[in-house]
Amino acid sequence: MVTILLASACLAEDAARVPAHGGHRFLPLVDVPGPFTQTFVRNSVGLGTALAWETSPVVIDGVTVDGLRGNLLAALLEFEYQQQVKSWLAARARFKIAGRLGTEVQTLLAQGITASTTFELGWLFHLYRSEKTLLAGTFEVSNGSFTGINLTGFIEDFINGRETSLVSKTPVIRSGPGLNFAWAASDLVGVTLNGRTGYGESSDRESDSEWFWSGGAAIDFDLKTRTRLPFGLGVGYRFDSFPEGGAQAESYHEALLRLAYTTPGDFLISLDMTWGSLPLKGIDQNVRFGSTSINLRYYF
Amino acid sequence: MLFHPGMNRRVRHLPVSPGLSLLLLVLLLAAAVPAGAQTAVGVTVGLNNAKLNGDIPDRLSYRNRSGPVIGGIIEFKLGDDVNLSLQPMYVQKGSDVGFKPRGAEIYQDSLEVKLDYVALPILAKVFIGGGRAFVTGGFDLAYLLDGSLKSASGELEAKTRFATFDLTADFGIGFTLPVKSAHLTFELRYQQSLVNLAKNGGQEGDDAFPERFRSLGIQLLAGWLLPLGGD
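Bear in mind that the values here come from a model prediction, so they are computed numbers and not experimental data.

> Help me understand the overall build of chain A, please; the structure alone is not making it clear to me.
Helix and strand counts for chain A come out as 4 helices and 16 strands. Each of the 300 residues in chain A was classed as buried or not, and the buried ones make up 45%. Within chain A, counting contacts between residues at least 6 apart in sequence, those at least 24 apart form 60% of the total. Accessible surface for chain A amounts to roughly 14800 Å². Of this, 65% is attributable to carbon and sulfur atoms.

> What is the right way to read the overall build of chain B from this model?
If you tally the helices and strands in chain B, you get 1 helix and 11 strands. Listing every helix and strand of chain B by position from the N terminus yields α-β-β-β-β-β-β-β-β-β-β-β. Sorting the 231 residues of chain B into buried and exposed places 46% on the buried side. Pairs at least 24 apart in sequence give 68% of the contacts found in chain B among residues at least 6 apart. In the structure as shown, chain B presents an accessible area of about 11000 Å², 62% of it carried by carbon and sulfur atoms.

> How should I be thinking about empty space enclosed by the protein in this particular structure?
All names here are of chain B. All told, the structure shown has 6 cavities of 30 Å³ or more when counted by the stated rule. Taken as a whole, the largest cavity spans an internal volume of roughly 80 Å³. Along its surface, the largest cavity is lined by 14 residues, and Thr44, Ile73, Gln87, Thr185 and Glu187 are the ones closest to its centre. Here the residues of the lining of the largest cavity are counted per class, giving 6 nonpolar, 4 polar and 4 charged.

> I tried to follow a nonpolar patch on the surface on my own but got confused; where do I start?
Residue and element names in this part refer to chain A. Taken together, the side chains of Leu229, Phe231, Leu259, Tyr261, Ile269, Leu271, Ile294 and Leu296 make up a nonpolar region of the molecular surface, amounting to roughly 640 Å² of accessible area. Every element with two or more residues in the nonpolar patch is listed here: strand S14 (252-261), strand S15 (267-280) and strand S16 (285-299). Position of Leu229 among the secondary structure elements: in the loop between helix H4 (224-227) and strand S13 (231-240). For Leu229, a relative accessible area of 45% gives the class partly exposed.

> Just checking my understanding: could you explain the environment of Ile56 of chain B for this structure?
Residue and element names in this part refer to chain B. Relative to the elements of secondary structure, Ile56 occurs in the loop between strand S1 (39-54) and strand S2 (60-63). On the basis of relative accessible area, Ile56 is assigned to the partly exposed category, the value being 32%. Measuring from C-alpha to C-alpha, the distance between Ile56 and Glu211 comes to 9.1 Å, with 155 residues separating the pair along the chain.

> Quick question: what am I supposed to make of the pattern of salt bridges here?
Side chains that differ in charge, positive against negative, can pair when their charged atoms come close. Residues and elements named next belong to chain A. Applying the stated rule across the entire model yields 21 salt bridges over all chains. As a salt-bridge pair, Arg17 and Asp266 come within 3.0 Å of each other at their nearest N and O atoms. Of the two residues, Arg17 is situated in the loop between helix H1 (2-14) and strand S1 (20-21) and Asp266 in the loop between S14 and S15; the sequence distance between them amounts to 249 residues. Classification of Asp266 as buried rests on a relative accessible area of 16%. Its salt-bridge partner being Arg42, residue Glu78 comes within 2.6 Å of it at the nearest N-O pair.

> Can you walk me through the interface of chain A and chain B in this structure?
Many descriptions give the size of an interface as the accessible area lost when the pieces come together. Chain A puts 27 residues into the contact, and the matching count from chain B is 31 residues. In this assembly, chain A packs against chain B so that about 2200 Å² is buried in total across both faces, 57% of it on carbon and sulfur atoms. Across the chain A-chain B interface, the total number found is 2 salt bridges. The partner of Arg214 of chain B in a salt bridge is Glu201 of chain A, and the shortest N-O contact between them spans 2.4 Å. Applying the counting criterion to the chain A and chain B interface returns 6 residue pairs in polar contact (both at pLDDT 80 or more). For the side of chain A that touches chain B, the secondary-structure elements that each account for two or more residues are strand S6 (69-86), strand S8 (113-129), strand S9 (133-149) and strand S10 (167-184) of chain A.

Each value, and the rule that gives it
Residues numbered from 1 in each chain as written. Chains lettered and ligands numbered in written order. Predicted model: local features only at pLDDT ≥ 70, side-chain atom pairs only at ≥ 80, totals over all residues. Heavy atoms only, no water. Helix = DSSP H or I, 4+ residues; strand = E, 2+ residues; numbered from the N terminus. Buried < 20%, exposed > 50% of the residue type's maximum accessible area, 1.4 Å probe, protein only. Contact = heavy atoms within 4.5 Å. Areas by Shrake-Rupley, 256 points an atom, 1.4 Å probe, with all protein chains shown as cover. 1 Å grid on protein atoms, 1.4 Å probe; cavity = no way out; pocket = protein on both sides within 12 Å on 5 of 7 lines; lining within 4 Å. Points joined across faces, edges and corners; volume = space filled by probe spheres on them. Nonpolar A, V, L, I, M, F, W, Y, C, P; charged D, E, K, R; others polar. Patch = residues over 30% accessible without salt bridge, like charges linked within 9 Å, V, L, I, M, F, W, Y side chains within 5 Å. Salt bridge = Lys/Arg side-chain N within 4 Å of Asp/Glu carboxyl O. Buried area = accessible area lost by both parts, 1.4 Å probe. Polar contact = N/O pair within 3.5 Å; in protein donor to acceptor, adjacent residues only side chain to side chain.

No statement about biological role is implied by the geometric values presented.
What follows is the structure, encoded as structure tokens:
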């Protein structure tokens, strides 16, 4: 019985389809994707929160009123499918739903509720390949819709006699190229880099179309090569001009951590955590946030 | 009034002239095609099923509308399993607009938007499955020949209300059948506009258009290709 199980495990490893190059098995992070064309399906579910967020103090009739404190909550649901067309070419589709809301009265009044749905289609194609490195180009088109419930804006418009609308819905289309790079430093360590730019509509109707950019770097460790434990560890950094934030948010930076279970060979389950800083326009504050998500990825 | 006046804002389109973009792209492609590359020419016909997508006032809904596609095909072999395909064509896009009266359960078609384009899809065609199937990807630059709005009360010329050029991203999949020395091809192609088609969106008035909308749809195409020789 033991012999059969060991033989099955060996066969599973030999047939593993998780991305591997230069002797290293990679753990591509969702936010720092690699240049690999393997066919896979992915599902991610996550929650994020920004704690102790403060509104700016206001002056009313010469009297300064301190700002209010509250929390922000964000939720994310994502599906992705990539189909390998050739060994050097893959097509990809992704659907994402994200929501951000204040969890208390003061944050609801100040920040409202924002929800977005985005559908992306794209291509990934190899540009350069060596024994230890792999470079791929990408091109993606995203079609999104941003729905906002702005209580403060509604009240201000009502007071000022302007046309009021509590709910605003903004369609947004963006497209652009990117580069993904992977380097197998050793059987234990892999490095992944990515950068992306593009042009498209802003989620803020008052703004013109804009350029956007994002990028990241990650290092992953396949612990099974040293400890026989079927786990992997990934750490990374990412920056994003965050066009989804609309008029209220600027670009953000975040640190990434991934803990992954790496066997059986075709299946990857991971716990991803992020910590970041998001400057909000209009108030003098950097919102510090954290998120946790569970990612399931199956290669076939 | 079928469309709600939008807020005053300047509508921005691509940062470069579409005509200059097309010229630069054609010159770039001409330089990329190897001298003496195998070429093929042919014709294509099909059906375009699309609708507008984006801003829409309450109780209105964009609905798919079908129109014809007819054009030519010129293909150049770039490498193993990869062709460059140029497909100048006439295509009719547009949308039906449905209106749901208060208390009604279903939408009623109240307006027909018809947009006639001459388009130039520039696609990379990658053959898979031993050359029997293929996937395509690329861009389609289209020039608006004519536009009209048709309702129960009549037809209204509307070309000046829509952007003169439309740029779409194309994603397709298809298969090919050899017929003697030629090939029959069948392709299902998805198209997504990358630019805002609202030329005067944001102007106030009873007949103002929505601020942001674009074309989204699929094409079902059949083609006949004849290789001309080459390397």
